[in-house]
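Here are the chains, one letter per residue:
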Amino acid sequence: NEHFEYHGQCDLVLAKDPNFADGLGLDVQIRTKLVRFWSYIKNAAIRIGNDVLEVEGDAEGTVELRYWMNMEFQGPLLVDTTIGGFPIIFNSRDNNANKKIIQIDLSSKYPGAMIEIQVWKEFVKVDFKNPTFEAFGNAVGMLGDFKSGKTLARDGFTEIDDFH
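Residues numbered from 1 in each chain as written. Predicted model: local features only at pLDDT ≥ 70, side-chain atom pairs only at ≥ 80, totals over all residues. Heavy atoms only, no water.

A. Examining the nonpolar core more closely. Core analysis: the largest hydrophobic core is formed by 33 residues, its most contacted members being F20, I46, I48, L106 and I115. The residues contacting I115, other than those within four sequence positions of it, are L26, I46, I102, Q103, I104, L106, V126, D127, F128 and F136. (Core = buried A, V, L, I, M, F, W, Y, C linked by side-chain atoms within 4.5 Å. Buried < 20%, exposed > 50% of the residue type's maximum accessible area, 1.4 Å probe, protein only. Contact = heavy atoms within 4.5 Å.)

B. Region of the structure containing the side chain of N43. Counting through the fold element by element, N43 comes out in strand β3 (residues 38-48). Looking at N43, the relative accessible area reads 5%, which means it is buried. At a separation of 3.1 Å, a polar atom in the side chain of N43 contacts the side chain of E54. For N43, the residues in contact, after removing those within four places along its chain, are Q29, I30, R31, E54, V55, E56 and V124. (Helix = DSSP H or I, 4+ residues; strand = E, 2+ residues; numbered from the N terminus. Polar contact = N/O pair within 3.5 Å; in protein donor to acceptor, adjacent residues only side chain to side chain.)

C. Structural view of the environment of K147. Structurally, K147 can be placed in the segment after α2 (133-136). The exposure class assigned to K147 is exposed, which follows from its relative accessible area of 67%. For K147 and T132, which are 15 residues apart along the polypeptide, the C-alpha to C-alpha distance reads 9.9 Å.

D. Representation of the sheet that holds strand β6 (residues 72-73) within the structure. As summarised here, the arrangement of the 6 strands in space is β1-β2-β3-β4-β5-β6, forming an open sheet in which the pairing is antiparallel. Unpaired on one side and paired on the other, β1 (11-17) and β6 mark the two borders of the sheet. (Pairing = 2+ DSSP bridges.)

E. Broad picture of the pairing of β3. When strand β2 (residues 26-35) meets β3, the two strands line up antiparallel, connected through 10 bridges. Within the sheet, the bridge partner assigned to D27 lies in β3 and is R47. If you look at the hairpin formed by β2 and β3, you'll find 2 residues sitting between the two strands, and R36 has a positive phi there, around 50 degrees. Note that β3 and strand β4 (residues 51-56) share 6 bridges and pair antiparallel. Counterpart to R47 in the pairing with β4 is V52. From the end of β3 to the start of β4, which pair antiparallel, there are 2 residues, and G49 there has a positive phi angle of about 65 degrees.

In structure tokens form, the structure reads like this:
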């Protein structure tokens, strides 16, 4: 629940839990891009088990989504495509498909929970819908501690609160 501004270009761990879904493991990473005096999320990669889905924003705003499925650019996405056994749902919200939405439905293990990636032109957003302690309670990363909301350092104990 903290608001802070980070303007740099690097890869960041949003959430990581090696024990997610009975040991499948979860990694959610974002890659930022620096533009003059600000930065934005350009890529997001999600790993569940041995599967990896990476999504990239596109400054040209093309209709086709730029993604890699298990390291294959524009890899096959069938109706029953999954990541770690969880269904992937692709859709777009507007007529010219500038906004693309990818949902990973975690309901089979965590009822109602979902990871959603939104892409609008070059901007990428990752959102955890209906998060529960069972699903994300042990995750570490930039999202902070699930129970307390505290932002902790890599040691898991030191609280970071100087976001100036």
